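Structural characterization, general
Single-letter residue listing:
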Amino acid sequence: MPPTRSGMPPTGVRSLWELPGRPTRALIDLDAIVANTAYLQGMVGPRTALMAVVKANGYGHGAEMIARAAVTGGAEQLAVATVDEATAIRAAGLAAPILVLGPIHPSEIEKALRHDLSLTLCSTTFTGLVERTAERLYLSAPVSCHVKVDTGMHRFGAEADQAVAVAERVSASRRLRLDGVFTHFADADAPDEDFTAQQASGLDAVLRRLHQQGIDPGTVHAANSAAILRSRRYDYGMVRAGIALYGLPPSDVVPLPPPLRPALSIRSTVSRVIDLGPGDSVGYGRTYHSTTREQAVLVPIGYADGYRRDLSSLGWMGMHGVRAPVAGRVSMDQTVVRVPTNLRVRGGDEIVVVGSSVDGAPTTTDLARLLNTIPYEIVAGIAARVPRYYIWRGELLSTARPGNAPPRVASTTPLTDAS
Ligand SMILES: *Cc1c(COP(=O)(O)O)cnc(C)c1O
C-alpha cells in the first residue's frame, strides 16, 4: 500500500486480528513515543535539544516509524550505531540530522557522506580520511562532525588531548564542520552521582580548552536517559534519549516518571488447545509433566523470535487477563503455556506475550528481571521475523512493517522528508 502524505500507511482497521499475516505480532503505540518524546523535551526545557536514539532498529520497535514519531514529538536529531541503520532511516524519507554514534569502517565513509550523516570522530587519522573523502566527492556542504570525548567510559572516544586535536583539525577544515562535542556516561544510573559528575568535569575541561582556542564546539551533549531522568545538571545543549523514549526504565535505581509509558506489546494467538492427562509431558526434554487433567495451549512464538529459552518453565503469558505459566521448554518457534483452572480458551484467542499486568502479561521490565538482564536487551532481541504493527493518532495502521528489514541499496540522490 502506498504511504499517505504523512508518510504513514493508511489506517481504518479496528482490530489487530482483522489484518492478515503471521499471528505473532509486535504492536507499537507511536502515540506513546510522541508523548514520551514531548514529555522528555518538557523536562529538559526549550533551550535544550533532544536527540532520539533509534539504534538497533529503534530498540527493536522499528527505527523508521520510531524516528517519525520522535520527530513529531519534538526530537531535533536522531542517533544510531551504524551507517546502515542511518541509511535505512534516510531511505524512509527522513531529513533530520542523524548522528552515527559508533566507530565505522573506512569503507563506509563515502556512503555516510552521500547520505548526509553526522559522524563521530575520535582520531585525527580518521578525520583526515573523512576530509579526503569529502574532497573527492565534491560535496556541496561540509561534513557534519561530532567529537566524542572519553571521560571515563573507556569505550569509543578520544582522550582529552586527542579530542582537542580532532576538534582543531575539524574546525580548521573547509570540508568539515564541528557540529558537536560529546561524552557518554558510564554510571548515570548508579545510586550516587559521583562518577557522572567527574565525567562531566572531564568534558567541561575539554570545552574550556576549545574556548581558549576560539573553537566553537557546536552542540554539546552528554546525558542519556538515566542522566535526563535524574538531574538537570548534565543537559548542556542537547540530551540523547534512548530507553526512556520507549517508556522503559534505564534501571531499577532510576524509576520512570508515570507519564512515560511503554509503547510495545507482543501479541499472539492460541494455535492449538492441548488436553493433558496425569503424567503427560510437554515439549523437548520432557521437563514439564502434568499431574492432573488440564489444558495447555500452543503459542507460535519461540526463541528465534526473541522469546528467550531461559523462560522455559519460568515465564508466563497473559490469557484473558490472567497469568498462564510456560509449560516446559521454549522451542525455536513454539511455546506451550498452561491454561489456568476454570479458564475457557479456544483456538484463535489472543495471548499477550509482553504487555501489562492488566493483560495478565509480563511487562518488558518483568521479563528483564526474570532473565537477569535489562529491558534494553529484551526489546533489542525481538527478531526481524516478528511483524511490527503500529498505532498512530489512535488508529491502527493497516500494514505491518518488517521488524528489521535489511537496508535498501544505497541511493545517491538526496532524499527529502516525505511529508
Ligand atoms: C545508546 C546510547 C544512548 C542512549 O542511552 P539510553 O540509556 O538508552 O538513553 C546515548 N548515547 C550513546 C552514545 C549511546 O550509545
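Predicted model, so just to flag it, every value in this text is computed and none were measured.

Let us look at the overall build of the chain. Looking only at helices and strands, one finds 11 helices and 20 strands in the chain. The globule rule puts the C-alpha radius of gyration for 419 residues at 22 Å, and the 24 Å found for the chain is close to it. When the backbone C-alpha atoms are referred to their principal axes, the chain occupies close to 80 × 50 × 40 Å. The 419 residues of the chain split such that 53% are buried. A sequence separation of at least 24 residues applies to 68% of the contacts in the chain between residues at least 6 apart. Looking at the chain as shown, the accessible area adds up to about 18,400 Å², and 51% of this sits on carbon and sulfur atoms.

Attention now moves to empty space enclosed by the protein. Inspection of every chain in the model, using the stated rule, returns 1 cavity of 30 Å³ or more. Taken together, 13 residues form the lining of the largest cavity, with Ile266, Gly306, Tyr307, Val354 and Leu367 sitting closest to its centre. Considering only residue class, the lining of the largest cavity consists of 10 nonpolar, 1 polar and 2 charged.

By the element assignment, lysine 148 lies in strand β6 (residues 143–148). Aspartate 150 is the oppositely charged side chain nearest to the buried, salt-bridge-free lysine 148, at an N-O distance of 7.7 Å.

With a phi close to 55°, asparagine 57 is a non-glycine residue in the positive phi region. Look at tyrosine 138: it is not a glycine, yet its phi comes out positive at around 50°. When you line up the elements, tyrosine 138 lands in the loop between α6 (124–137) and β6.

As a further point, take the packing of aromatic side chains. A complete count under the given rule lists 3 aromatic pairs for this structure. Centroid distance tyrosine 59 to tyrosine 246: 4.6 Å. Interplanar angle 20°. Geometry classified as stacked. Of this pair, tyrosine 59 sits in helix α2 (residues 55–59) while tyrosine 246 sits in the loop between β9 (238–241) and β10 (264–269), and the two are 187 residues apart along the sequence. Judged by relative accessible area, tyrosine 59 falls into the buried class, the value being 7%. In this structure tyrosine 246 comes out as buried when scored by relative accessible area, which is 0%.

We now examine the environment of cysteine 145. Following the sequence through the fold, cysteine 145 ends up in strand β6. For the pair cysteine 145 and isoleucine 109, spaced 36 residues apart in sequence, the C-alpha separation works out to 12 Å. Those residues in contact with cysteine 145 that sit more than four places away from it in its chain are Leu119, Leu121, Val170, Leu176, Arg177, Leu178, Asp179 and Gly180.

Let us look at the sheet that holds strand β14 (residues 294–299). Strand order in the open sheet formed by 3 strands is β11-β14-β17, and the pairing between neighbours is antiparallel. Edge positions in the sheet fall to β11 (272–276) and β17 (335–338), since each of these pairs with one other strand and no more. Strand-to-strand twist in this sheet, taken as the mean axis angle between neighbours without regard to direction, amounts to 30°.

This paragraph deals with the site of the ligand. Taken together, Val53, Lys55, Tyr59, Leu101, Arg155, His184, Asn224, Ser225, Arg240, Gly242, Ile243 and Tyr376 are the residues near the ligand. In the environment of the ligand, an oxygen atom lies 2.6 Å from a nitrogen or oxygen atom belonging to the side chain of lysine 55. Side-chain polar atom of arginine 240 to a nitrogen atom of the ligand: 2.8 Å apart, as the coordinates give it. Taken by itself the ligand offers 390 Å² of open surface, and the protein chains cover 92% of this. Looking at the shell around the ligand residue by residue, the class counts come to 5 nonpolar, 4 polar and 3 charged.

The next point concerns the confidence of the model for the chain. Residue-level pLDDT values for the chain average 93, and 93% of them are 70 or greater. When the criterion is pLDDT under 50, residues 405–419 qualifies, and its contacts beyond four places in sequence or with other chains add up to 18 contacts.

Across its 14 residues, α6 extends 20 Å between first and last C-alpha, which sits within 8% of the 20 Å expected from 1.5 Å per residue. Here α6 has its buried residues at Phe126, Thr127, Gly128, Val130, Glu131, Thr133, Ala134 and Leu137. Packing partners of the buried residues in α6 comprise α5 (109–114), β5 (118–121), β6, α7 (160–172) and β7 (176–182). Positioned one or two residues after α6, tyrosine 138 has a phi angle of 50°, which is positive.

Here we come to the pairing of β10. Along any regular strand, the residues point their side chains to alternate faces of the sheet. Burial runs high along β10: 6 of the 6 residues are buried. Judged by which residues are buried, β10 turns out to be covered on both faces: Leu264, Ile266 and Ser268 on one side and Ser265, Arg267 and Thr269 on the other are all buried. Across 4 bridges, the pairing between β10 and strand β18 (residues 350–354) is antiparallel. When the bridges of β18 are listed, arginine 267 appears paired with valine 352.

Cut-off values and rules
- Residues numbered from 1 in each chain as written.
- Predicted model: local features only at pLDDT ≥ 70, side-chain atom pairs only at ≥ 80, totals over all residues.
- Heavy atoms only, no water.
- Helix = DSSP H or I, 4+ residues; strand = E, 2+ residues; numbered from the N terminus.
- Rg over C-alpha atoms; globule rule 2.2 N^0.38 Å.
- Buried < 20%, exposed > 50% of the residue type's maximum accessible area, 1.4 Å probe, protein only.
- Contact = heavy atoms within 4.5 Å.
- Areas by Shrake-Rupley, 256 points an atom, 1.4 Å probe, with all protein chains shown as cover.
- 1 Å grid on protein atoms, 1.4 Å probe; cavity = no way out; pocket = protein on both sides within 12 Å on 5 of 7 lines; lining within 4 Å.
- Points joined across faces, edges and corners; volume = space filled by probe spheres on them.
- Nonpolar A, V, L, I, M, F, W, Y, C, P; charged D, E, K, R; others polar.
- Lys, Arg positive; Asp, Glu negative; His and termini not counted.
- Salt bridge = Lys/Arg side-chain N within 4 Å of Asp/Glu carboxyl O.
- Phe/Tyr/Trp six-rings, centres within 6.5 Å; stacked < 30°, edge-to-face > 60°.
- Pairing = 2+ DSSP bridges.
- Axes fitted to C-alpha atoms, helices over the stretch in contact; angles between N-to-C directions.
- Near = heavy atom within 4 Å.
- Polar contact = N/O pair within 3.5 Å; in protein donor to acceptor, adjacent residues only side chain to side chain.
- pLDDT = per-residue confidence, 0-100.
- Expected span 1.5 Å × (residues − 1).

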